[in-house]
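Chain by chain, the residues:
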Amino acid sequence: MKGIRTIESCTRKGTGDWNEDGLILHPPAHRYGVVDGATGFDPVRDPLGRTPGRIAMETVVSTFLGEKDSASLRFLTLEANRRLRTLMQSYGVDVSDPSRRWSAAHAVVQIREDHLEWVQSGDCKIYAASRDGEVLSLAEDRVKPLDDQVLSRWVEEFEGSRPDGVLPEPIREDLRKNRARGNRPGGYPVINGDPALEKHLQSGTLSLKGISFLLLVTDGMVPRHRDEAEWVRRIGQEGLATMMDELLREERRDPTCARMPRFKVSDDKAGILIRFE
């Protein structure tokens, strides 16, 4: 087993009522991950006041924390997907409508001897940094191109405006269409109770030879205005919490989202930094 020197994990709430990002920390199984819950366009609340995104995140986290060491990450992902579908149905959610489904993105690794197993959905990220400074992203981000199109339209056609604090309806409709692309050809994998996830889920293995550190983050920790590889290297050098708080300060200095166009002033954030000996 390749030796782990340190593990740093942290999460920060964004501008929403609940932090919908969570952490999977299961040292006995050498299983670590991040989860980003998302609330549909017809949100409900449970008796505790939790949002659907929070419930979805907690469902995924509990699935990965509760299963045996031998279970594959793909199996655990599909089990979390099944549990989420059952939970939504118990709340009367129309699971045939993608805009109403609760959902979650995730990025999880399990360290096995001299390699790791990984699985990814949505826009969560897994980076592996080598000792010579090269940064490798283990999964294709299939959400970002879709979001970038909507973001560009919002800036170009509506000047990034939010009448009465709400995104313009054409932009909201574009976001609904993007949500409907989950687990569809030309779309992206996402844990949303749809059995089709099995066909679109991204997973694989990676040798740990020459790897200095691994970084797992939700999309709130991937700033669009920075060089991605350099940002990852800085996190490896300065620490995860330090860089997370730096990004939060930048976002708060731009409350209108004019300097850095984005749909939220501050998105929830979660990350795990694993340094190897």
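A few points on the structure. (Residues numbered from 1 in each chain as written. Predicted model: local features only at pLDDT ≥ 70, side-chain atom pairs only at ≥ 80, totals over all residues. Heavy atoms only, no water.)

## Points about the overall build of the protein
Here comes step 1: Assigned secondary structure in the protein consists of 7 helices and 10 strands.
Here comes step 2: Here the C-alpha radius of gyration of the protein, 18 Å, is about what a compact globule of 277 residues would show, namely 19 Å.
Here comes step 3: Its C-alpha atoms put the protein at 55 × 40 × 35 Å along the principal axes.
Here comes step 4: The buried share of the protein, reckoned over its 277 residues, is 51%.
Here comes step 5: For the protein, the share of sequence-separated contacts (at least 6 apart) that also reach a separation of at least 24 residues comes to 67%.
Here comes step 6: When the accessible surface of the protein is totalled, it reaches about 12,500 Å², and 50% of it is carbon and sulfur. (Helix = DSSP H or I, 4+ residues; strand = E, 2+ residues; numbered from the N terminus. Rg over C-alpha atoms; globule rule 2.2 N^0.38 Å. Buried < 20%, exposed > 50% of the residue type's maximum accessible area, 1.4 Å probe, protein only. Contact = heavy atoms within 4.5 Å. Areas by Shrake-Rupley, 256 points an atom, 1.4 Å probe, with all protein chains shown as cover.)

## Here's the deal with the packing of helix H6 (residues 228–238) against helix H7 (residues 240–252)
Here comes step 1: Relative orientation of the contacting elements H6 and H7 amounts to 125°, with a least axis distance of 7 Å. In this view, H6 runs oblique relative to H7, as classed from their interaxial angle. Across from Trp-231, Arg-234, Ile-235 and Glu-238 in H6, the residues of H7 making contact are Leu-240, Thr-242, Met-243, Glu-246 and Leu-247.
Here comes step 2: Per-class residue counts for the contact of H6 with H7 are 5 nonpolar, 1 polar and 3 charged. (Axes fitted to C-alpha atoms, helices over the stretch in contact; angles between N-to-C directions. Parallel < 35°, antiparallel > 145°, perpendicular 65-115°, else oblique. Nonpolar A, V, L, I, M, F, W, Y, C, P; charged D, E, K, R; others polar.)

## A short note on helix H4 (residues 169–180)
Here comes step 1: Over its 12 residues, H4 runs 17 Å from end to end, which matches the ideal 16 Å to within 8%, given 1.5 Å per residue.
Here comes step 2: Three or more residues of H4 are buried, namely Ile-171, Asp-174, Leu-175, Asn-178 and Arg-179. Here the buried residues of H4 occupy an arc of 145° about the axis, which is enough to place them on one side.
Here comes step 3: Buried residues along H4 sit in contact with strand E3 (31–38), strand E4 (103–112) and helix H3 (144–158). (Expected span 1.5 Å × (residues − 1). Arc of directions from axis to C-beta.)

## What to know about the nonpolar core
Here comes step 1: Grouped together as the largest cluster of nonpolar side chains are 23 residues, with contacts concentrated most on Val-35, Val-60, Phe-64 and Trp-102.
Here comes step 2: Elements represented by at least two residues in this core include exactly helix H1 (52–66), helix H2 (73–90) and E4.
Here comes step 3: Among the elements that take part in this core, H1 stands out by supplying 6 residues, more than any other.
Here comes step 4: Leaving out residues up to four positions away in the same chain, Phe-64 has contacts with Ile-24, His-26, Arg-31, Leu-73, Leu-76, Thr-77, His-106 and Val-108.
Here comes step 5: Of all hydrophobic cores here, the second largest spans 22 residues; its members include Val-109, Leu-138, Leu-216 and Ile-274. (Core = buried A, V, L, I, M, F, W, Y, C linked by side-chain atoms within 4.5 Å.)

## Some details on the pairing of strand E5 (residues 115–121)
Here comes step 1: A large share of E5 lies buried, amounting to 6 of its 7 residues.
Here comes step 2: Bridging between E4 and E5 involves 7 bridges; their strand directions are antiparallel. Within E5, the position partnered with Ile-111 by the bridge is Leu-116.
Here comes step 3: As judged from the 6 bridges shared by E5 and strand E8 (residues 202–207), these two strands associate in the antiparallel manner. Across the sheet, Leu-116 pairs through a bridge with Leu-206, a residue of E8. (Pairing = 2+ DSSP bridges.)

## Comments concerning the packing of H3 against H4
Here comes step 1: At their nearest, the axes of H3 and H4 sit 10 Å apart, and the two run at 175° to each other. Here H4 runs roughly antiparallel to H3, going by the angle between their axes. Across the interface between the two elements, Leu-146, Asp-147, Val-150, Arg-153, Trp-154 and Phe-158 from H3 touch Pro-170, Ile-171, Asp-174, Leu-175 and Asn-178 from H4.
Here comes step 2: Grouping the amino acids of the contact of H3 with H4 by side-chain chemistry returns 7 nonpolar, 1 polar and 3 charged.

## A look at the side chain of Glu-246
Here comes step 1: Structurally, Glu-246 is set in helix H7.
Here comes step 2: When sequence neighbours within four positions are dropped, the list of residues in contact with Glu-246 reads Arg-226, Trp-231 and Arg-234.

## With respect to the environment of Gly-239
Here comes step 1: Turning to its location among the elements, Gly-239 is positioned in the loop between H6 and H7.
Here comes step 2: Along the chain, Gly-239 and Glu-8 lie 231 residues apart, while their C-alpha atoms are 7.9 Å from each other.
Here comes step 3: Excluding anything up to four places from it in sequence, Gly-239 contacts Glu-8, Arg-234 and Arg-275.

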